[in-house]
Amino acid sequence: MGNEGSKLKGLIIDQNAVEVNDFWALYNAESPNTSNEEGVGHGQQLSIFKGEVLVKGQLWASIGPMERAIKNLMIYRHPYILKYTCTWEQSGQKHLATERVRPLNDVLSQQSDIQVCLGLRTILCSLIFLIEKALARHLNICTQSIYVTSKGSWCLAGFEYVWKAKELNKQLLDLAHSFRQPQAMDEANGAEALEQFAFATLCEQILNKVDAGAAVTPHVLEFREYCSTHLKHQNTEMRPKLSAVLLHPYFNHEFVLIHSFLFELPLKSVQERQQFFSSLIERLRCFDEQVVASQLASDLLSRMVLLDPTAQQCVTPFVLRTKTDQGATALFSPQTYVEYVLPHILKMFRLRDAQMRLILLDYFMEYVRLLSDEQLQREILPHLQLGMSDTNDLLVAKTLRSLADLVPILGAAAVLGGDRRRCFSDGRPHAAVSSESSAPRSITPLMNASAADADDYMVSGSPLPVESNMAPIALRLSPDGGEDDKSLTTLSEKPLEQSQSSAPDSNSELVDLTLVSDGKTQAEDDEEAAWSDWDNADELQRLHVKQLTIDELNLIETTSSSSTQATQPSLTDSFRTACSQVSTAATKSIPPPPSLRKPIDDLSVLDIQVQPSTLSNVAGTAEFDFFKDMEPVIETKPAASRETEVVHVDASRFATAADHDTDLDAHQGWGLDEDDDADDVIWGDSALTTSVS
């Protein structure tokens, strides 16, 4: 029946008491809780009743008031009765832990008329359960026995005055007389219908404290009269039952019916839920948004409502969105949303329920813009990062989208963490970078738009094609001062084979030069001529120069064909071969029409880079060597065809000379004859020895 004798671990109790009476003192407390309902790192809000075990008085001789209240709260459980949590005894005192509540007398002046109506109906329902169903009697129905929860709903307490119906007698009433509220006691002091009299007195006291001029609840005056004439009737047998009082129009107007249906939603059928949710929003628009948000926000965001298929389409979009200037389809304005709805959303974000989290992520941008940066970092971001580790792919995908929405607000460093470094650079031209706007611009034109509209969205100022039969536009513009002559563009568009026809006469060169000069004059006059591609400009210029060179060489060949045709037949062939190769290269260099172009797969081609030309790139271009066939040919005979040469040696050259004319030279140390070879050397000492012998 409860956690009797157990104490919450890590419980922190405030030192200052909220309320003190003759039997106990009320304190606020907080207990660490790791359950799924509150989430990690958030404690459970509790109220602690501390009371003595023994109290003087014959009424409490058998059992003390604290012990009786604990016992009754453990037995009688109802949504409108104070919720029991646990109890323990410490230092000779009884401790009772319940849900976080406040005394009604402390907040009654702040209650609106609709809150009072709902509160009185709540107390009436709890008394109907206690008296007519549980067959118990409550002897002290007054404002001291009513508390208000953190959600704003009223709950019935004072269970130290609850007895079973069969235990109630005249003697018990006499003993409890001194502890009961005098205004709540009937003059007859009888046991019959004493709860009706006490409830009528309670309603009159509360309605008198509420400003009657500001009352907008219908049938409030009729209910006052009903309490004084029927519930306080002198004849106790004429007093109606409490269940009959619930049928009064004061407790059955539109707003109360909506509130009661939401509270009793688990007891309703599927058809009743569908009918109720389909018309709920239109019914709520008839009431003030402050009243709706303060009383029904927690019910509209409950698990039963959020997970209902009909409510997800007809109710949830209007509750989780805010009113805007463009449309007022939502229920709450941003101010009301922040005050009443956001606290429930922040609490729901701590729940580790996949379905609840998915619904909150669907409307993430509706409420994230209303939170401060500190709230986002402290109460939203940690729970989003936790969702990244889940095994639910849909949950992870929606969490990633929500994190992406947080990056412009908190920054990538706060959302993703770690060291940040710049990996991408701004590839826009300097002329397109504006210092006035720092927002990034797209370099992609609008699809299916006209050229005038697309020009505003292009980074560069290049013109856009309007007609499909226009010439292909260059990938990049020519640099300043790099305008090409129109003749070069015209030369690149027509095939070069026409200008390289066989055996042109001597006047063809003059005609070609005249056409080229006329093209240049026309290009100079037309300053708005189209520019060619950067990549093809140098190639076209080289081809043009080569064409002029070829024409000159052909002219020389034509004039001297009679003398050179027999001696150099290979030179003409080489020139023709060169012309065909140059024509083929020029044809390949002409860009194909747009319909025949192939998609570019190489990312380096799409990258906008300016690369300096190197010698290797220039050497890599195909150029024909016109002097290749003019190299001298050196013919060599095979080694086997050579004849064997006979070398004759004169033997007289090796004879020893004994002339006296040479003796003097021999005595000088040298005996070398000037006509002899360098190998016939006679040194001085040897020559002297030979002559003596």
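Everything below is about the structure shown above.
Fair warning: this is a prediction, and the values are worked out from it, not measured in the lab. (Residues numbered from 1 in each chain as written. Predicted model: local features only at pLDDT ≥ 70, side-chain atom pairs only at ≥ 80, totals over all residues. Heavy atoms only, no water.)

Caption draft 1: Structural view of the pairing of strand β8 (residues 146-149). Here β8 shows two buried faces, one formed by I146 and V148 and the other by Y147 and T149. Bridge count for strand β6 (residues 101-103) against β8 is 3 bridges, and the pairing is antiparallel. Looking at the pairing, P103 lines up with Y147 of β8. Here β8 runs beside strand β9 (residues 154-156); their pairing, made up of 3 bridges, is antiparallel. Looking at the pairing, I146 lines up with L156 of β9. The turn linking β8 back onto β9 is made up of 4 residues, and G152 within it adopts a positive phi angle of 95°. (Buried < 20%, exposed > 50% of the residue type's maximum accessible area, 1.4 Å probe, protein only. Helix = DSSP H or I, 4+ residues; strand = E, 2+ residues; numbered from the N terminus. Pairing = 2+ DSSP bridges.)

Caption draft 2: Molecular detail of the pairing of strand β1 (residues 12-20). Across 5 bridges, β1 lies against strand β2 (residues 24-31) in antiparallel orientation. By the bridge assignment for β2, E19 is matched with L26.

Caption draft 3: Focus on the side chain of S31. Here S31 is to be found in strand β2. Judged by its relative accessible area of 4%, S31 falls in the buried class. Residues in contact with S31, not counting those within four places in the same chain, are L8, K9, L11, G43, Q44 and L46. (Contact = heavy atoms within 4.5 Å.)

Caption draft 4: Structural view of unusual backbone geometry. The residue S91 is not glycine, and still its phi comes out positive at about 55°. Here S91 is to be found in the loop between β4 (84-90) and β5 (93-99). In this structure S91 comes out as exposed when scored by relative accessible area, which is 73%. We note that L135 has phi near 55°; this positive angle belongs to a residue other than glycine. Along the polypeptide, L135 turns up in the loop between α3 (113-133) and β7 (136-138). With a relative accessible area of 54%, L135 lands in the exposed category.

Any link to function would need more than the numbers given here.
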